[in-house]
Amino acid sequence: MYRKILQTIWFLSLAGISLQAAAQNYKITGKILDAQRKKPLIGVSIILTDTLDSSQRYFTISDNAGNFAISKLKKRDYKIRTTYLGYEKFEKKIKIANPDESIGDLLMTPTSHVLQQVVVVGQVPASVLKGDTTELNAAAFVTNPDATAEDLLAKMPTITSTNGTVKAQGETVKRVYVDGKPFFGNDPTLALKNLPADIIDKVQIYDKLSDQAQLTGFDDGNTSKTINIVTKRDRRKGKFGKITGGYNDNGRYMVGGNLNLFNGDQRVSIIGLSNNINRQNFSSQDLLGALGGSGGITKTNSIGLNYNDMWGTKLKVNGSYFYNSSMNKSSQITRGHYLYSSNPDSNQYYNNTNTSENNNFNHRINFRFEYTPDTINSLYITPELSFQSNHSNRNNSTANFMGETSPLNSSINNNNSNATGYSLSNEITFRHKFSKRGRTISVGLNTSANRQDPKNLLKAQTVYYEDSIGIEQDTIYKTKTINTNQHSEALNKGYSISSNLVYTEPIGKISLLQFSYNYGYSNNKADKETYDFSNITNQYDSLNLRLSNIYNNHYITNSTGLGYRISLPKMNAMFNLRYQRADLDGARDLPLPVDTVRKTFDNFLPSLMFRFKFSQNTNLRLFYRTSTNAPSIGQLQDVINNTNPLNLSTGNPNLKPEYNQTFLSRFSYSNPDKSTSIFIFLSGSYTNNNISNRTFFATKDTILSRGILLAKGAKLTQPVNLSHSWNVNTTLNYGFPVHFLSSNLNLNTDFNYSSTPGNLNDKINVSNSYSFSQGVVLSSNINPNVDFTLSYHGNYNIVKNTLQPNLNNNYFSHNADFKFHLIMWYNFVLESDLSNELYKGLANSTFNKDYFLWNMAFGKKLFKRQQGEISLSVFDLLNQNTSISRRVTETYIEDSQTAVLKRYFMLSFTYKLNAFGQHPRQDGRGNRGDGMYRRGMDGRGMGGGRGMGGRGGRESF
């Protein structure tokens, strides 16, 4: 009986949903034409509003032929409104009476209103929501003719860029695509710094799912925040790019350029850069872990090639190669203190001076093949290869103090290292669709291999201060000096393979079941041999077993899962539950005796996704995910690292995997009619068995395992599992136009809280860190010839420690920046970037800075179409450039200052290439395909291209 009742309810629910869908299955079509020329208008913004419920709005744009269509409507009256730059706004009431209603041609009349020789044009919606994708219209953000994609995105809501890291909607951007195609692999910087803004039509922000998740429709948690740059249709066939060269009499130079050959699906992009002024057009991807920070002065050489094409009608191909070499010289001063004592006189302070020369060479190769032999089968293959070599020479001077004045020890050491390494991976995904809609099967196979073989030469002299003897007003210390002269060779290699099988089965018309199985296997080996210098043989031939180790590690996972997904007109939901069994097997073969570790871990891994669509322009998305994180081979390897004799470190073969729980929520709202947008991002994470650090400070000479001496005042760091850690982060963004200034205003508010445990001398300290940030960006929308951006970002930090509350610390930093680009009469160009950096409340007063960084350039555009430009620029006009950073952990707080590039002048020349199928008009109007009507102050179009340096002297070209 109950079964019949449930079946009846199920049937009625499905019937109701079907009737509702049928009742809303009305559609209108039409065409937008220029009222004078009777030609179609492309990219017209169309808003349809329900006259009975004004909150129900539908948005679309016209296609290449001016046509548009809006479906899933009700049988009632609507108001249609069209807006297009350079045209009068069009409004009309319409009545939908038929399932397929045609409203014919809509005629729009060109118009403009002149104000102080500047054309005020119509408004296009800045932001539109399309499902889970936020789409930003480039036409709503006016940039100068020389702007890059990076300059354009800096004006858009929810997108921020700090120290070379691009964030969108509160998350770091991992990938940038161009028209849905990869551009130089997974390096976002390459696209944003090398593509000109004037070819961009739209910028789409979304979470890219893995290939298998895209095929099945089930979110597997392997998402990455992605930006897709949609180019203008009339810019998809032709040649464009630019080349720049500059030099000054002090030997500073820069030459670089890019060339893009677009012919529909076939696209070739070539980029190159060489300079010694800290400019970089790519993201550093450190394979060997030897690059460290990006401070100092860097000489860079890079060249890359990206290729996209369709081979026939069934095979889509993407490939890229990128090479870069970086030669960095750096000098850094660091001051800090540990958190293990609540008494300042009993706490340990340290001063560190480090100079280094680092030469790094990197090759990256990426390919992607998408093969669709028919409508029911598809195959994706994505191989990647990275090869890196590194040579570095570092001189380090460290002094530790009890309190701020009583010396404990000091060390002067030199590390000379050479390393090579590679990383190879490949992903294969195959899917087959059955005749029954929703029934699919897919198979994935992922493989990877890596190898690193660093060689290191260490020479160090360490002085330990023992008892003191007072003589009148002076203090003399008894000291003990230890000299170290060692050579070490290491081999770290591993491989992994994982496979998964996913089957989906439809349940009715609105839901889907997923069955999955996953197997993973990884094998890693770490072999380190350390040799002491022999005064007898005058060679490094004495094997030091205390500092040598051979460790093998195997990690096997098996998991099965069951998922359920339901899709309704305004709501989508997905739930998945996996059971995972993990086996960790580790063995130490050297030194003897052989030691083995075998452990098994069982976990249930649930995940949940929910999306509710309040209206066409408002939605809410919720995610809950769980995962495990196995310790790395370096964390498991039981061997002492004595690169700095005062700061020893070792691994821990008894580590357990971390268990992570993550919650994400995103609320998005956009008003196309008013060009306003609101985005709220909230995330939280909770980690059990958190892998943190145990730091042991020796209060007296201590003998460690294998007979290694940890002298008084030195420390040993080892990874350990602690109870838990957690983090909460929220971001609020509000973007809207400021009409009386012809500008856009973006407000960004961030709050972050983290609670991280640490073990200091076997006492638990929990570091609670609070961070409040407020950002404001005001960007001009006046005219391409008058482009400015005014921004402010303030950050207030509070650090509280449970073990030593008296060491709690508050500090504040801000960056205020004003940049403008002005094209004046007779094609003269003035560009300026003035920023103020402030650091206040840092522990060491010498790091509390307030300084200005001012970059300027003055130039003139050349040639008939202003494709050339000669300019004189100055970096750090006031000669105040400084680099300061603070690092807060669960065991210490430190402040650092790094030497940076100071003031220099440079004379440069830039030539810009634009050769598309149809040249832009020269009568003051933009290309019609742009959907814009712009005129400069002198009534002439402007071309050319050149960029100004940013912080640290980096810039695009």
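Conventions used here
- Residues numbered from 1 in each chain as written.
- Predicted model: local features only at pLDDT ≥ 70, side-chain atom pairs only at ≥ 80, totals over all residues.
- Heavy atoms only, no water.
- Salt bridge = Lys/Arg side-chain N within 4 Å of Asp/Glu carboxyl O.
- Helix = DSSP H or I, 4+ residues; strand = E, 2+ residues; numbered from the N terminus.
- Buried < 20%, exposed > 50% of the residue type's maximum accessible area, 1.4 Å probe, protein only.
- Pairing = 2+ DSSP bridges.
- Axes fitted to C-alpha atoms, helices over the stretch in contact; angles between N-to-C directions.
- Phe/Tyr/Trp six-rings, centres within 6.5 Å; stacked < 30°, edge-to-face > 60°.
- Lys NZ or Arg CZ within 6 Å of the ring centre and 35° of its normal.
- Core = buried A, V, L, I, M, F, W, Y, C linked by side-chain atoms within 4.5 Å.
- Contact = heavy atoms within 4.5 Å.
- Patch = residues over 30% accessible without salt bridge, like charges linked within 9 Å, V, L, I, M, F, W, Y side chains within 5 Å.
- Areas by Shrake-Rupley, 256 points an atom, 1.4 Å probe, with all protein chains shown as cover.
- pLDDT = per-residue confidence, 0-100.

*Asks:* Give me the pattern of salt bridges: which residues, what numbers.
*Replies:* Oppositely charged side chains are able to pair whenever their charged atoms sit close together. Per the counting criterion, the structure on display carries 32 salt bridges. Taking the shortest distance from any N to any O, the salt bridge between K225 and D207 comes out at 3.0 Å. Taken as a pair, K225 in strand β18 (residues 224–231) and D207 in strand β17 (residues 200–208) lie far apart in primary sequence, 18 residues in all. A single burial state applies to K225 and to D207, both of which are buried. In this structure, R581 engages D583 in a salt bridge whose closest nitrogen and oxygen atoms are separated by 3.7 Å. A relative accessible area of 37% places R581 in the partly exposed class. A residue is classified by how much of its surface remains accessible, and D583, at 23% relative accessible area, is partly exposed. Each of the salt bridges in this network shares a partner with another, and the network as a whole consists of E171, D207, K225 and R666.

*Asks:* Let's hear about the sheet that holds strand β1 (residues 26–34): which residues, and what values?
*Replies:* Strand order in this open sheet of three strands is β4-β1-β7, and the pairing throughout is mixed. Where the open sheet ends on each side, the last strands, each with one partner, are β4 (67–73) and β7 (100–108). Each strand axis lies, on average, 20° off the axis of its neighbour in the sheet, ignoring direction. When β1 meets β4, the two strands line up antiparallel, connected through five bridges. Counted as the bridge partner of I28 is I70 from β4.

*Asks:* Pulling in residues and values, what's your account of unusual backbone geometry?
*Replies:* Each neighbour pair has its own omega, and for L590 with P591 the value is 0°, a cis peptide bond. By the element assignment, P591 lies in the loop between β33 (571–590) and β34 (595–615). Of note, N538 is a non-glycine position whose phi angle comes to about 60°, a positive value. Within the fold, N538 resides in the loop between β30 (511–534) and β31 (539–543).

*Asks:* Explain the packing of aromatic side chains residue by residue, including any values.
*Replies:* Going through the model one piece at a time under the given rule, you end up with 22 aromatic pairs. The interplanar angle of 35° and the centroid separation of 4.8 Å between the aromatic rings of Y753 and Y770 together place this pair among those described as tilted. Placement of the pair is Y753 in strand β43 (residues 743–760) and Y770 in strand β44 (residues 763–780), with a sequence separation of 17 residues. What makes Y753 buried here is its relative accessible area of 12%. Following the ring pairs from residue to residue traces out a cluster consisting of Y338, Y350, F697 and Y892. The residue whose ring lies beneath K860 is F828, and the NZ or CZ to ring-centre distance is 5.5 Å.

*Asks:* Residue-level account of the nonpolar core, with values.
*Replies:* Grouped together as the largest cluster of nonpolar side chains are 38 residues, with contacts concentrated most on M156, I159, L195, I200, I227 and I229. Elements with a contribution of two residues or more to this core: α2 (149–153), β13 (165–168), β15 (175–178), α3 (188–194), β17 and β18. Setting aside residues up to four positions removed in sequence, L195 forms contacts with T148, A149, V178, F183, I229 and N260. Of all hydrophobic cores here, the second largest spans 21 residues; its members include I46, Y58, I96 and M108.

*Asks:* Talk me through the environment of I32; I want residue IDs and the actual numbers.
*Replies:* Summarising the element assignment, I32 is placed in strand β1. Sequence separation of I32 and I46 is 14 residues, and the distance between their C-alpha atoms is 9.6 Å. Residues within four places of I32 in sequence aside, it is in contact with K39, P40, L41, V44, I46, S62, G66, F68, T82, L106 and M108.

*Asks:* Tell me what's going on with the sheet that holds strand β12 (residues 159–162), and back it up with residues and numbers.
*Replies:* The strand order across the open sheet built from three strands is β12-β13-β14, with neighbouring strands paired in antiparallel fashion. Across the chains shown, the open sheet's two edge strands, defined by having one partner strand only, are β12 and β14 (171–172). Pairing of β12 with β13 involves four bridges; the strand directions are antiparallel. The partner of T162 across the bridge, within β13, is T165.

*Asks:* Describe the environment of K763, naming the residues involved and giving the relevant values.
*Replies:* Here K763 shows up in strand β44. Considered as a pair, K763 and R694 are 69 residues apart in the sequence and their alpha carbons are 9.1 Å apart. When sequence neighbours within four positions are dropped, the list of residues in contact with K763 reads G758 and L803.

*Asks:* Could you give an account of a nonpolar patch on the surface, with specific residues and numbers?
*Replies:* Among the surface-exposed residues, I243, F863, I870, L872, F905, L907, F909 and Y911 lie close enough to one another that they form a single nonpolar patch of about 760 Å² accessible area. Considering each element in turn, the nonpolar patch owes the most residues, four residues, to strand β52 (residues 904–916).

*Asks:* Requested: an account of the side chain of D179, with residues and values cited.
*Replies:* As for its placement among the helices and strands, D179 is situated in the loop between β15 and β16 (181–182). Those residues in contact with D179 that sit more than four places away from it in its chain are N228, I229, V230, T231, R236 and R267.

*Asks:* Describe the side chain of N524, and please don't skip the residues or the numbers.
*Replies:* Among the secondary structure elements, N524 is positioned in strand β30. The class of N524 is buried, set by a relative accessible area of 18%. The contact partners of N524, leaving out residues within four places of it in the chain, are K493, G494, Y551, N552, N553 and I633.

*Asks:* Explain the environment of S873 to me, using residue names and the numbers behind them.
*Replies:* On the secondary structure map, S873 appears in strand β49 (residues 868–875). Separated by 15 residues in the primary sequence, S873 and F858 have C-alpha atoms spaced 6.4 Å apart.

*Asks:* Explain the pairing of strand β39 (residues 676–697) residue by residue, including any values.
*Replies:* Note that strand β38 (residues 658–671) and β39 share 13 bridges and pair antiparallel. Within β39, the position partnered with N671 by the bridge is T676. Connecting β38 to the antiparallel partner β39 that follows it, the hairpin turn spans four residues, and S675 within it adopts a positive phi of roughly 60°. As defined by bridge partners, β39 adjoins strand β42 (residues 715–738) across 20 bridges and the pair is classed as antiparallel. Following the sheet pairing, T687 is matched in β42 by S725. Summarising the sheet, β39 and β43 pair through two bridges and their orientation is parallel. By the bridge assignment, T695 is partnered in β43 with L760.

*Asks:* Before we move on, can you summarise the confidence of the model for the protein chain with the specific residues and values?
*Replies:* Mean pLDDT for the protein chain: 84, with 88% of residues reaching 70 or above. Segment residues 918–957: pLDDT under 50, and 139 contacts once partners within four positions in sequence are set aside and those in other chains are kept.

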